[in-house]
Amino acid sequence: MKQLVPKLADITGDRLTSMDANGIRMQVLSVDSSGANLLAEDTGPAFAMQYNDLIAERIRGYETRFTAFAHLPMTAPAAAADELERTVKEHHFRGAMIRGLTEDQFLDHPGFGLILERAEKLDVPIYLHPGLPPKGVADIYYSGLPNHAGIAEALAAYGWGWHAETALHILRLVYAGIFDQYPKLQIIIGHMGEMLPFQMARSERAFQPGAGGANQRKLSDTLRQQVHITTSGFFTLPPLQIALDTFGIDNMMFSIDYPFSTNEQGMEFFRRIDLPDADLSKLAHGNADRLLKLTP
């Protein structure tokens, strides 16, 4: 992280140089920390507002190369909804990124309905990114391992746990009926679908409409209509193929996850993808242009 922090903070220096060298037209920036969500509801909103204003200031003059997802004070849902609207209208941000759970609550908790409703009204997506597991989960699932600090972090986060938790998060939203309650809500998840493409058929059999959940549609229909996936950090072809077979090309967007993955890694992978030109164009930028309202 000591090596990555300067890369995260830099926007128009090495980051832009690397983008130019690798043929990357635009990056959508987001806050890589829990940030305002570590603060109480009375202090989080001001912190989030400062953070979003800072991002907007840093990308001013480079709007054809950078845009952003808003950082929301999730511990204050009403203020978070207002901050989403402010950043979309004032800064032209393209939605929001929410990182994992908030005070051990998933987004199907009724208190977050204001945020989902506002995103739907504004017609902007929410990017649901993994977050660190709650302490109770970490203590049971990811403790007691040799070299505990290093192994537990990898197992709980980028090596496995992140992806399982985000898949669970989406399934909860489906079976709690959230997507039916907000039928125009659009959610983005990364990491080639966070395990959901592999698991889709089995999960769909388990949770048919009328089987006890509040969902009114099949899992596959809901995902294809309201969930989009990015390739971020996944650079092998088998996961791409199963994502194409389940979610479909119209629900997929190319992403690299810079600086945690290099632009060179991402573009080397992209050049190995064998798809018709029209589909490759959708993956490269077309779907993102449409969903995020970017200028082609």
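Conventions adopted
- Residues numbered from 1 in each chain as written.
- Predicted model: local features only at pLDDT ≥ 70, side-chain atom pairs only at ≥ 80, totals over all residues.
- Heavy atoms only, no water.
- Helix = DSSP H or I, 4+ residues; strand = E, 2+ residues; numbered from the N terminus.
- Buried < 20%, exposed > 50% of the residue type's maximum accessible area, 1.4 Å probe, protein only.
- Contact = heavy atoms within 4.5 Å.
- Pairing = 2+ DSSP bridges.
- Right-handed = clockwise from strand over helix to strand, strands pointing away.

**Q** Hey, could you run me through the environment of T12 in this one?
**A** Counting through the fold element by element, T12 comes out in the loop between α1 (4-9) and α2 (14-22). Given the relative accessible area of 36%, T12 is considered partly exposed. Taking the C-alpha atoms as reference, T12 lies 32 Å from L101; in sequence the two are 89 residues apart. Once residues lying within four places of it in the same chain are set aside, the contact partners of T12 are Y62 and F66.

**Q** Is there a simple way to explain the sheet that holds strand β3 (residues 70-71) in this structure?
**A** In spatial order, the strands read β3-β4-β5-β6-β7-β8; together these 6 strands make up an open sheet with parallel pairing. The sheet is open, and its two edges are formed by β3 and β8 (252-253), each paired on a single side. Where strand β4 (residues 96-99) and strand β5 (residues 126-129) come together, 4 bridges link them in parallel fashion. Its bridge partner lying in β5, A96 is registered against I126.

**Q** Whenever I open this one, the pairing of β4 confuses me. Can you help?
**A** Regular strands place their side chains on alternate faces of the sheet. Residues A96 and I98 point to one face of β4 and M97 and R99 to the other, with burial holding for every one of them. The pairing of β3 with β4 spans 2 bridges and is classified as parallel. The residue bridging A70 from the neighbouring strand is A96, located in β4. Viewed along the sheet, the connection from β3 through helix α4 (residues 77-91) into β4 turns out right-handed. For the crossover that starts at β4, traverses helix α5 (residues 113-122) and ends in the parallel β5, the hand is right-handed.

**Q** Would you mind going over unusual backbone geometry with me for this structure?
**A** It is generally the case that most residues other than glycine have a negative phi and that most peptide bonds are trans. Residue P259 is bonded to the preceding Y258 through a cis peptide linkage, with omega at 5 degrees. Mapped onto the secondary structure, P259 falls in the loop between β8 and α13 (263-271). The phi angle at D123 is positive, at roughly 60 degrees, despite the residue not being glycine. Within the secondary structure, D123 is located in the loop between α5 and β5. Accessibility expressed as a relative area gives 44% for D123, which makes it partly exposed. In the Ramachandran plot, K293 falls in the positive-phi region, its phi being about 55 degrees despite a non-glycine side chain.

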